[in-house]
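What follows is the residue order along each chain.
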Amino acid sequence: MTSATNPKPSASAWALILLLGLIWGGSFFFARVAVLEVPPFTLVFLRLFLAALALHIYLHGRFGLYETLATHWRAFLVMGFVNNALPHTLIFFGQTEIGAGLASILNATTPIWTVLIANRWTTDEKLTTAKLAGCLTGLAGTAVLIGPSVTDAASAPLWALVLPVLAAVSYGVAGTYGKRFRSLPAPVSATGQLTASTLIMLPVSLIADRPWMLPVPSAHAVLAILALALLSTAFAYLLFFRILSMAGATNASLVTLVVPPSAILLGALFLGERLGMTDLIGMLLIGLGLVLLDGRLLRYRSNQPKKVS
């Protein structure tokens with residue numbers, strides 16, 4: 001039996017979490033650009049196929065890739081469905097009606113679902129008061145951060161708002177289920193799930209969208225698809241499985257709390273958007289949530305010797 005304590009992320013794990021949050025912050029933007037011209041099913045397939053192809057070329061059979069695919073194909077099919085095919089499809093359909101900011105705040109509920117699911121299904125990531133408080137605080141920060149976008153909810157269909165939340169639940173399941181891949185090299189796990197999810201989405205795209213009948217997308221959409229596949233999927237999942245093996249499911253899910261502020265920072269750096277007081281307050285709340293979830297600062301303060309008057 002594993003330990004009852006949740007693994008605490010190291011400094012290198014936190015660095016990877018922040019990097020992945022930055023990359024996935026851009027994915028909502030890329031998806032919003034591409035989904036305006038490419039139907040969601042086909043967009044999901046292209047994202048997964050191009051990412052899987054890139055990783056197969058990168059690995060070139062190393063780390064026992066093909067042997068692992070042959071022995072773990074059932075597990076990869078499950079992981080590919082709950083971590084790629086299903087949540088990507090739900091988010092992309094939602095983004096046909098709502099913007100990237102609102103989609104990211106709804107998707108930021110992932111840590112809460114992961115905490116609840118991991119508490120039920122695992123022995124080493126049990127629910128604690130500090131962990132739940134950290135998730136809720138971080139989620140409050142994302143709500144403050146994307147506050148102006150929430151007003152769009154009044155005109156958005158209910159189904160478009162529910163879909164990213166269901167995607168977050170699916171990610172929570174995936175984060176916990178993915179612990180079984182800890183013994184595998186991160187590139188093999190990423191390639192396996194992307195290969196499986198590509199095979200899942202191929203017939204769906206062919207039947208639902210008949211992509212050969214679609215108009216050729218613009219250069220902007222093509223570039224968005226490439227960025228979505230190669231940067232926000234292939235490279236991002238290499239980071240994700242590395243974080244999962246280093247820090248556990250709950251800590252890996254914290255990346256969704258980093259996504260909204262990373263999107264605003266990217267906008268400030270490359271689009272000339274200015275950070276207001278609300279943005280700063282939101283990011284501070286998210287930082288507090290991460291500190292509560294990590295717990296090291298609180299333990300450090302509690303372990304300090306008390307002054308004797």
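Residues numbered from 1 in each chain as written. Predicted model: local features only at pLDDT ≥ 70, side-chain atom pairs only at ≥ 80, totals over all residues. Heavy atoms only, no water.

Caption draft 1: Region of the structure containing the overall build of the chain. When helices and strands are tallied, the chain shows 15 helices and 0 strands. Buried positions account for 51% of the 309 residues belonging to the chain. In the chain, the proportion of contacts linking residues at least 24 apart, taken out of those at least 6 apart, comes to 90%. Carbon together with sulfur atoms contributes 71% to the accessible area of the chain, which is approximately 14,600 Å² in total. (Helix = DSSP H or I, 4+ residues; strand = E, 2+ residues; numbered from the N terminus. Buried < 20%, exposed > 50% of the residue type's maximum accessible area, 1.4 Å probe, protein only. Contact = heavy atoms within 4.5 Å. Areas by Shrake-Rupley, 256 points an atom, 1.4 Å probe, with all protein chains shown as cover.)

Caption draft 2: The side chain of Ser 27, seen in detail. Along the chain, the position of Ser 27 falls in helix α1 (residues 11-35). Of the polar contacts made by the side chain of Ser 27, one reaches the backbone oxygen of Trp 24; its length is 2.6 Å. Filtering out sequence-adjacent residues up to four positions away, Ser 27 remains in contact with Arg 47, Leu 228 and Ser 232. (Polar contact = N/O pair within 3.5 Å; in protein donor to acceptor, adjacent residues only side chain to side chain.)

Caption draft 3: Spatial organisation of the nonpolar core. In this structure, Phe 240 and Phe 241 are the most contacted members of the largest nonpolar core, which totals 76 residues. Considering each element in turn, this core owes the most residues, 13 residues, to helix α11 (residues 219-247). (Core = buried A, V, L, I, M, F, W, Y, C linked by side-chain atoms within 4.5 Å.)

Caption draft 4: Representation of the environment of Leu 102 in the model. Counting through the fold element by element, Leu 102 comes out in helix α5 (residues 100-107). The exposure class of Leu 102 is buried, given its relative accessible area of 5%. Linking Leu 102 and Leu 161, residues 59 residues apart in sequence, is a C-alpha distance of 8.4 Å.

Caption draft 5: Representation of unusual backbone geometry. For His 60, which is not a glycine, the phi torsion comes out positive at approximately 55°. Along the chain, His 60 turns up in the loop between α2 (40-59) and α3 (65-71). Assessed through its relative accessible area of 68%, His 60 is described here as exposed. Positive phi outside glycine occurs at Arg 210, with the angle close to 45°. Within the fold, Arg 210 resides in the loop between α10 (186-209) and α11.

Caption draft 6: Inspection of the packing of α5 against helix α9 (residues 158-177) at higher detail. Here α5 crosses α9 at 40°, and the two axes come no closer than 8 Å. With respect to each other, α5 and α9 are oriented oblique. Seen from above, α5 lies across α9 with right-handed handedness. Contact residues: α5 offers Leu 102, Ala 103, Leu 106 and Asn 107, while α9 offers Leu 161, Pro 164, Val 165, Ala 167, Ala 168 and Tyr 171. Here the residues of the contact of α5 with α9 sort into 9 nonpolar, 1 polar and no charged. (Axes fitted to C-alpha atoms, helices over the stretch in contact; angles between N-to-C directions. Parallel < 35°, antiparallel > 145°, perpendicular 65-115°, else oblique. Left-handed = near helix turned anticlockwise from the far one by under 90°. Nonpolar A, V, L, I, M, F, W, Y, C, P; charged D, E, K, R; others polar.)

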